[in-house]
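In case you want the letters, here they are:
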Amino acid sequence: MGPIPLLLLLSFVVSGVESEEDYTWHLRKVPQVLNKRTVTLSSPGFKAEAKPVLNGTCGIECQSRLPLASVADLENFLSYETVYENGTRTSTEVYFRDFDVQAEHEVMKDSHSRGKRQVYGMDSRFSISDKQFVTNYPFSTTVKVSTGCTGILISPKHVLTAAHCVHDGTDYIKGAKKLRVGILKLRSKRGGRKRKGSKRNKRAAEVKPSFQWTRVKHTQLPKGWFRGVTDDVAVDYDYAVLELKRPHKKKFMELGISPTVKKLPGSRIHFSGFDDDRPGQLVYRFCSVSDESNDLMYQYCDAQHGSSGSGIYIRLKEPEKKKWKRKIIGIFSGHQWVDVNGMQQDYNVAVRITPLKYAQICFWIRGNYADCQYG
């Protein structure tokens, strides 16, 4: 794609231009996910190897044959671990209040046919190389996680990413022991003070995007991701929140509850990531969602290793306003293999932010249940 069409596309993405259909965010009252008990655990081993592709995942077809989770099961899945920068670790049990189990298990209708993913046909990804775009909203919310994944800024000091970027289901991966997050910022090629008007000063004034790295203070992820807790539905809980050691000054993106495909503008989702096959570049894409369950969505987005953990977002209108607002409604888990009728098939999957997950992640961010009543 040439530079002019790409520039027009990015202008479209940044400005939030959409069709005239009245797509609106419908605020939903969410349940409370309350802490019941916290205990101290032994320090993790940090011995696991990072795995870019997850095998043996129970996908939508597999999960349709499983019994519905009980409230006790869900409370077990949403209990969580916190691992701190100094290697200490705690486990927290949770319970729910104002929770409608039937609403949480609402069966999605109007499913769509599913196609094979990874990069197929014409590659529909766009490298964001213009420094004015890459360091401005919404692209500036995308960050790099030092274990080789992507994340998205969800508060002045929190990042949302995939659980498998820090934990393999049994132990924390080696790189999670000294976890860092890289935020793209504009920096001059040369530092120091230069004489005004000099050629040297003009060269120094040239800026390019580069990562500013920040240590992670602590990491939280649901026990539903751990093997032995949810062997069949672990991918449903492939998300984690990282708290930065010091806050950033970038605009972040708010969380939202994932609507059904019918409520997605054009049935499209958007996300950006640091795909391994395009080193040093931020890669943006948008695509259609082809199928969904209560906790997962299949989609046709082209993606490569490194984009796992990207925040999936959509634009809908604010209630009683004409402004469009972006919110994160899912976490890109990546390219996964699942057993379908005894055969291994690949697909692209994202974890949907359900009311329960919204309540949990919101509490991790705010530390106050009163601020997490509506999503």
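Residues numbered from 1 in each chain as written. Predicted model: local features only at pLDDT ≥ 70, side-chain atom pairs only at ≥ 80, totals over all residues. Heavy atoms only, no water.

An unreviewed UniProt entry lists the protein under the name Serine protease, from Huso huso. Reading the Subcellular location (unreviewed entry) entry of the UniProt record for the protein gives the comment "Secreted". (UniProt positions renumbered as here; feature names shortened; annotations may be inferred.)

In this section: the environment of valine 94. With respect to the helices, strands and loops of the structure, valine 94 is situated in strand E4 (residues 89–97). Overall, the relative accessible area of 4% leaves valine 94 in the buried class. Residues valine 94 and leucine 78 lie 16 residues apart in sequence; the distance between their C-alpha atoms is 6.9 Å. Once you skip the residues sitting within four places of it in the chain, valine 94 turns out to touch Val33, Leu34, Asn35, Lys36, Glu75, Leu78, Ser79 and Tyr80. (Helix = DSSP H or I, 4+ residues; strand = E, 2+ residues; numbered from the N terminus. Buried < 20%, exposed > 50% of the residue type's maximum accessible area, 1.4 Å probe, protein only. Contact = heavy atoms within 4.5 Å.)

Throughout the structure, instances matching the rule amount to eleven salt bridges. Across the salt bridge formed by arginine 37 and glutamate 93, the nearest N and O atoms sit 2.6 Å from each other. Here arginine 37, found in strand E1 (residues 32–41), pairs with glutamate 93, found in strand E4; they are 56 residues apart in sequence, far enough to count as distant. Given the relative accessible area of 28%, glutamate 93 is considered partly exposed. Of the charged contacts, one joins arginine 285 and aspartate 275 as a salt bridge, the two residues approaching to 2.9 Å between their closest N and O atoms. Here arginine 285, found in strand E14 (residues 282–292), pairs with aspartate 275, found in the loop between strand E13 (268–273) and E14; they are ten residues apart in sequence, far enough to count as distant. In this structure, arginine 285 and aspartate 275 share a single accessibility class: buried. Among the charged side chains, a network of salt bridges with common partners joins Glu85, Arg215 and Lys245. (Salt bridge = Lys/Arg side-chain N within 4 Å of Asp/Glu carboxyl O.)

Inspection of every chain in the model, using the stated rule, returns two disulfides. Here cysteine 149 is linked by a disulfide to cysteine 165, with a sulfur-sulfur distance of 2.1 Å. Around the S-S axis, the bridge from cysteine 149 to cysteine 165 shows a dihedral of about -95° and counts as left-handed. Taken together, the residues cysteine 149 in strand E7 (residues 149–153) and cysteine 165 in the loop between strand E8 (158–161) and strand E9 (180–188) connect sequence positions 16 residues apart. What makes cysteine 149 buried here is its relative accessible area of 8%. Sulfur-sulfur distance for the disulfide between cysteine 362 and cysteine 372 comes to 2.0 Å. Across the disulfide from cysteine 362 to cysteine 372, rotation about the S-S bond amounts to roughly -85°, and the bridge is consequently left-handed. Separated by ten residues along the polypeptide, cysteine 362 in helix H7 (residues 355–366) and cysteine 372 in the segment after H7 bring together distant segments of the chain. Of the two residues examined, cysteine 362 and cysteine 372, each falls in the buried class. (Disulfide = S-S within 2.5 Å.)

Okay, the side chain of serine 140 next. With respect to the helices, strands and loops of the structure, serine 140 is situated in the loop between helix H5 (131–134) and strand E6 (142–145). For serine 140, the side chain forms a polar contact with the main-chain nitrogen of tyrosine 137, separated by 3.1 Å. The residues contacting serine 140, other than those within four sequence positions of it, are Val134, Thr135, Leu153 and Lys250. (Polar contact = N/O pair within 3.5 Å; in protein donor to acceptor, adjacent residues only side chain to side chain.)

Of all hydrophobic cores here, the largest spans 76 residues; its most connected members are Leu78, Ile154, Leu160, Tyr239, Leu255 and Ile361. Ranked by residues supplied to this core, first place goes to H7 with eight residues. (Core = buried A, V, L, I, M, F, W, Y, C linked by side-chain atoms within 4.5 Å.)

In this structure, threonine 161 sits in strand E8. A sequence separation of 172 residues divides threonine 161 from serine 333, and the C-alpha atoms of the two residues are 8.7 Å apart. The residues contacting threonine 161, other than those within four sequence positions of it, are Val145, Cys149, Thr150, Gly151, Asp238, Tyr239, Ala240, Leu242, Ser308, Gly309 and Ile331. At 2.8 Å, the side chain of threonine 161 forms a polar contact with the backbone oxygen of threonine 150.

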